[in-house]
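Observations on the model geometry
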Amino acid sequence: MALGVAAGSGLAQDAASTSAPVTLSGQTLFYIDVGAGGYTSAMRSQAVSSRIGRFARGATPLEALEVRDNALTETSDIMAGRVVLVSFSDADARALNVRRQVLAQRTRRIIATAVEAFRAERHPRQIALDGLYTLLALLALVLGIGLINRVMGASAQWLHSWEGSRIGSLRLFGSEILPPDRVVDVLCEELRLARLGLLVLLLGGFVSLVSPEPFVLQTGLNDFYVSYELNAYTDKPKLMARIYSELHQNIQDHCFAAGIEILSPHYRAVRDGNTLAVPAEYYPPGYQVPGFRLASSAPSESTPGASHGASSGDRSGDSTPENNIPGETSSDNNGSSTLPPASPTFTDPPTRPNL
């Protein structure tokens with residue numbers, strides 16, 4: 001997941017609010033959502049990306065990357081030695097519902113991980129290993145193609161040498177359908193098709209070795225959910241933490257887009273289940289939240305002791321102790337329950353916890 005950063009103070013709220021990514025070597029590290037001062041979000045992200053790039057290509061050690069609180073500007077600055085890479089204000093932290101120091105430390109870890117991987121990939125030893133790996137893979141491919149051609153060529157020669165001796169004509173009901181030379185031609189044609197198939201498999205294995213495709217396994221049918229396992233490969237193991245974060249965020253976004261509720265963490269409180277529990281931007285067109293309809297009726301004279309409770313248009317049936325609304329009914333000595341004459345007062349349902 002790319003970290004979203006809503007940067008800027010109250011004096012900069014008129015700046016452009018388009019999200020702009022902060023990148024390193026084409027990889028998105030986090031986003032800047034709002035401008036600051038006279039800078040738009042795109043200008044800020046470009047400046048931060050440039051400073052991080054210079055830090056990654058320089059000789060400043062990763063140990064020099066630290067967070068410092070600036071009492072004068074009331075910001076938390078991520079420093080690389082004496083260079084400020086990015087600053088966060090209280091407005092940034094409020095936008096993400098975290099403390100400013102926590103936001104800065106989180107971003108520092110993202111930058112440190114990305115820079116470490118950037119330097120490792122460009123280290124002479126890693127470049128030499130990558131070159132050796134590519135050379136070995138190409139050598140295996142060439143040897144495999146040569147072996148297939150050699151075996152298939154030798155097989156074709158054997159077939160021609162067996163013509164008329166081990167390979168005779170093809171007969172049906174005593175009549176010759178194919179002479180020996182035509183039988184050999186058919187067999188050689190099948191060898192050529194087998195050679196083509198083996199070459200395709202060999203090339204496919206080479207490509208999958210370089211960049212294997214991700215795949216999904218359905219691992220279980222549990223009591224309340226189906227278990228799936230997503231398997232993918234990466235050539236950047238040092239970015240594993242960030243890759244996992246982006247993967248989880250993409251899974252969550254696509255589930256929301258498909259109308260699938262992710263109840264994480266588990267709900268532990270009674271909530272109004274009428275509203276679809278996904279972000280509003282994923283609601284289907286024309287979606288309206290259904291509601292309860294409550295009605296009250298006077299006690300029936302012909303049915304002493306009858307219970308009169310709240311009835312809902314969609315979900316509740318006959319009034320039972322479970323269906324009564326706490327605080328909205330009263331009981332007499334005969335056990336009958338009635339709604340008060342005044343209109344019921346409703347409170348907002350428990351809200352969904354922030355994810």
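Above this note sits the structure.
What you are looking at is a predicted structure, and each value in this text was computed from that prediction instead of being measured. (Residues numbered from 1 in each chain as written. Predicted model: local features only at pLDDT ≥ 70, side-chain atom pairs only at ≥ 80, totals over all residues. Heavy atoms only, no water.)

With that settled, the discussion passes to the side chain of S76. With respect to the helices and strands, S76 occurs in strand β5 (residues 75-80). One polar contact links S76 to D69, side chain to side chain, over a distance of 2.7 Å. Setting aside its immediate chain neighbours within four residues, S76 contacts V67, R68, D69, V86, S87, F88, R100, Q101 and A104. (Helix = DSSP H or I, 4+ residues; strand = E, 2+ residues; numbered from the N terminus. Polar contact = N/O pair within 3.5 Å; in protein donor to acceptor, adjacent residues only side chain to side chain. Contact = heavy atoms within 4.5 Å.)

A separate point is the nonpolar core. Counting residues in each nonpolar core, the largest one holds 26 residues, and the members touching the most others are L24, F30, I52, L65 and I111. With 9 residues, the single largest contributor to this core is helix α3 (residues 100-121). Setting aside anything within four residues of it in sequence, one finds I52 in contact with V22, L24, L29, F30, L85, I111 and V115. Counting residues in hydrophobic clusters, the runner-up holds 9 residues, among them I148, I167, V184 and L191. (Core = buried A, V, L, I, M, F, W, Y, C linked by side-chain atoms within 4.5 Å. Buried < 20%, exposed > 50% of the residue type's maximum accessible area, 1.4 Å probe, protein only.)

Residue S25 is not a glycine yet carries a positive backbone phi of 55°. Looking at the element boundaries, S25 is found in the loop between β2 (20-24) and β3 (27-32). With a phi close to 55°, E74 is a non-glycine residue in the positive phi region. Checked against the element boundaries, E74 lands in the loop between β4 (65-70) and β5.

With respect to the helices and strands, the residue T107 is situated in helix α3. We classify T107 as buried; its relative accessible area is 0%. A sequence separation of 77 residues divides T107 from F30, and the C-alpha atoms of the two residues are 8.0 Å apart.

Right, let's talk about the packing of aromatic side chains for a bit. Geometrically, a pair of aromatic rings is defined through the distance of the ring centres and the angle of the planes. Across all of its chains, the model carries 1 aromatic pair by this definition. Ring geometry for Y283 versus Y287: centroids 4.6 Å apart, planes at 50°, classification tilted. The ring of F55 has R119 sitting right over it, with the charged end atom 5.0 Å from the ring centre. Sitting over the face of the ring of F118, R122 holds its NZ or CZ atom 3.7 Å from the ring centroid. (Phe/Tyr/Trp six-rings, centres within 6.5 Å; stacked < 30°, edge-to-face > 60°. Lys NZ or Arg CZ within 6 Å of the ring centre and 35° of its normal.)

Put simply, side chains in a regular strand alternate between the two faces of the sheet. Examined bridge by bridge, strand β7 (residues 170-172) and strand β8 (residues 175-178) share 3 bridges and lie antiparallel to one another. Pairing of L170 across the sheet is with L178, part of β8. Between the end of β7 and the start of β8, which pair antiparallel, lie 2 residues, with F173 showing a positive phi angle near 55°. (Pairing = 2+ DSSP bridges.)

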